[in-house]
Amino acid sequence: MSDELLKSFKEAYSNLELFPLMHEKEMEQFRVDYGGDLIADLIQLVEDSPNGDGKIVFTGHRGCGKSSLLAEFSKQIKDNYFVVLFSIADSIEMSAVNHINILFAIALNLMSEAEARKVEIPKSTKEQIYGWFAKHTRTVETELGGGLEADFNLLTVLKAQLKADAKVREEITQEFERKISDLVARINEIAALIQTATKKEIIVIIDDIDKLDLARVNDIYRDNIKALFQPNFRIIYTIPIAVIRETFLATIITIETNDQIVVMPVLKVFEKGKNRLPDAHPRAEVKNLLCEILQKRIPSDLIEKTTVEKLVVQSGGVLRELIRIANECCRICLRLIRRKPDEKVVIDDSILEQAINKIRNDYSIRLGKVEFEVLQSIYENFMPDDPKQLEFLDLLHGLYVLEYRNDETWYDVHPIIVETLRRRGLINDE
């Protein structure tokens, strides 16, 4: 029995690791239909862009499902557009991201996607482009030697170097810091070649910029948004939800995108304030959706039905939190099975409580007096005292505070953190 049970939990654990869902096979197996209205919004903005070069900002909490939704969006439009979807986290060390290497990554990924799809670009032109890549990354050219042919292998090596080699990134930044127009011109040339060959307009989607630290996002957008928006084709940028709560940056982004900002809200498990009531029940539509996500990854005989609903409530409606809690439950069960092979192990309320306690400790250890005061105010008023306060924006970015929307925007404390406030005497539900 233990070998069979161990195998089942290992498979569930492996299934939970597949988040976000980026590949077609994963989407077919695990995707649950949601976010149709948001995909429709994105398609409308793309198709109705008057000059074919509109820039769209896609935002929402980390882990709310943006990456999976963008992958589904890409799948739906790929027949009509040349779509390039890539993660900035896969392209550049996150602590080193700046506007220049974002643009350079666009050029590299455009060319790599063209090669992968065997887009017919004249040989002489292609060699010229490869020569440009090599010239502007002298470190790579030196390390590879002069005999390397300009082919797809060079792009593969360049992408690896851009990700891992600080010297390469520094050279690229220094090279284009004062002549960003040269870099943009090359990007536009590559895009024009692809568009001519494929007869399809270009859409580049850059994921995971929303996972950067807020300070770095501010640096990138505050002074360099015009450079990022210069390429003359459609680009979708992801940014943290906290950025559009900062007045100065939000104004810049709104103006530069012509208000083409799409917000992916957190799934609203409860109506505003209902979770404060005794015997509160989650909204059936959201509960059923989140339960379905779990059921696709964890067989029903491995988790008690009543525990599923409690897990859903503790997620706060954030998909990544749902997966994170379930993942921690599976880890606990795998340890128990190995320690007590003769016992039947399932995810029940006691396992869930252990997982929640572990995650709560991970969250709470980072909080100080000011943060607790902000959280207390939000719990009591569903709004911060000062929405521009840095501590509030950091809490929003870190999922301590969750933003919900209906006919108004309101905030609540992550359900896992509520117990921390209660234990510190900061809230009283009686």
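Computed from a prediction, not measured in an experiment: that's the story for all the values here. (Residues numbered from 1 in each chain as written. Predicted model: local features only at pLDDT ≥ 70, side-chain atom pairs only at ≥ 80, totals over all residues. Heavy atoms only, no water.)

## Notes on helix α12 (residues 214-228)
Its 15 residues place the ends of α12 only 17 Å apart at the C-alpha level, less than the 21 Å of an ideal helix rising 1.5 Å per residue. Roughly 55° is the biggest bend found in α12, and it falls at Arg222. When we look at burial in α12, the residues that qualify are Leu214, Val217, Ile220, Tyr221, Asn224, Ile225, Ala227 and Leu228. Of the surrounding secondary structure, the elements contacted by the buried residues of α12 are α6 (99-116), α11 (180-198), β4 (234-240), α13 (247-256) and α19 (390-397). (Helix = DSSP H or I, 4+ residues; strand = E, 2+ residues; numbered from the N terminus. Expected span 1.5 Å × (residues − 1). Bend = angle between axes of the 7 residues up to and from the residue. Buried < 20%, exposed > 50% of the residue type's maximum accessible area, 1.4 Å probe, protein only. Contact = heavy atoms within 4.5 Å.)

## Things to note about the pairing of strand β7 (residues 409-413)
Across the five residues of β7, four count as buried, placing the element largely inside the fold. As defined by bridge partners, strand β6 (residues 401-405) adjoins β7 across five bridges and the pair is classed as antiparallel. The residue of β7 that forms the bridge with Leu402 is Asp412. Connecting the antiparallel pair β6 and β7 is a turn made up of three residues. (Pairing = 2+ DSSP bridges.)

## Things to note about the side chain of His61
Take His61: it is sitting in the loop between β1 (55-60) and α4 (66-77). Ignoring sequence-local partners within four residues, the contact set of His61 consists of Lys66, Ile241, Met264, Val266, Leu396, Leu399, Val401, Leu402 and Glu403.

## Let's talk about the confidence of the model for the protein
Of the residues in the protein, 95% have a pLDDT of 70 or more, and the chain-wide mean is 89. Across residues 139-150 the pLDDT falls below 50, and counting only partners more than four positions away or on other chains, this stretch makes 17 contacts in the model. (pLDDT = per-residue confidence, 0-100.)

## Some remarks on unusual backbone geometry
For Lys118, which is not glycine, the phi dihedral falls at a positive 55°. A positive phi is found at Asp208, a non-glycine position, where the angle reads about 75°. For Asp208, the location among the structural elements is in the loop between β3 (201-207) and α12. The exposure class assigned to Asp208 is buried, which follows from its relative accessible area of 11%.

## Digging into the environment of Tyr221
Relative to the helices and strands, Tyr221 resides in helix α12. Separated by 18 residues in the primary sequence, Tyr221 and Ile239 have C-alpha atoms spaced 9.7 Å apart. When sequence neighbours within four positions are dropped, the list of residues in contact with Tyr221 reads Ile209, Leu228, Tyr237, Thr238, Ile239 and Leu249.

## Some thoughts on the packing of helix α1 (residues 2-17) against helix α16 (residues 319-339)
Any two packed helices are characterised by how steeply their axes cross, that is the angle between the axes, and by the distance between the axes. At their nearest, the axes of α1 and α16 sit 9 Å apart, and the two run at 160° to each other. Taken as axis vectors, α1 and α16 run roughly antiparallel relative to one another. In this structure, α1 meets α16 at a crossing whose hand is left-handed. Of α16, the residues touching α1 (which contributes Ser2, Leu5, Leu6, Phe9, Lys10, Ala12, Tyr13, Leu16 and Glu17) are Ile323, Ala326, Asn327, Cys330, Arg331, Cys333, Leu334, Ile337 and Arg338. Considering only residue class, the contact of α1 with α16 consists of 12 nonpolar, two polar and four charged. (Axes fitted to C-alpha atoms, helices over the stretch in contact; angles between N-to-C directions. Parallel < 35°, antiparallel > 145°, perpendicular 65-115°, else oblique. Left-handed = near helix turned anticlockwise from the far one by under 90°. Nonpolar A, V, L, I, M, F, W, Y, C, P; charged D, E, K, R; others polar.)

## Some details on the packing of helix α14 (residues 284-295) against helix α15 (residues 305-315)
Direction vectors running N to C along α14 and α15 enclose 110°, while the axes themselves pass 10 Å from each other. When the axes of α14 and α15 are compared, the pair comes out roughly perpendicular. Contacts between α14 and α15 involve Lys287, Leu290, Cys291 and Leu294 from the first element and Val308, Glu309, Leu311, Val312 and Ser315 from the second. Grouping the amino acids of the contact of α14 with α15 by side-chain chemistry returns six nonpolar, one polar and two charged.

## A word on the sheet that holds β1
Taken together, five strands build an open sheet; the order of strands is β2-β3-β4-β1-β5 and the sheet is parallel. Each edge of the open sheet is held by one strand with a lone partner, namely β2 (81-87) and β5 (261-264). Pairs of neighbouring strands in the sheet enclose a mean axial angle of 20°, with direction left out of account. Judged from the six bridges that link them, β1 and β4 form a sheet pairing that is parallel. The residue bridging Lys55 from the neighbouring strand is Ile235, located in β4. Lying over the sheet, helix α3 (residues 36-47) contacts β1, β2, β3, β4 and β5, oriented at roughly 170° with respect to β5. Contacts from α6 reach β2, β3 and β4 within the one sheet, and its direction differs from that of β2 by about 125°.

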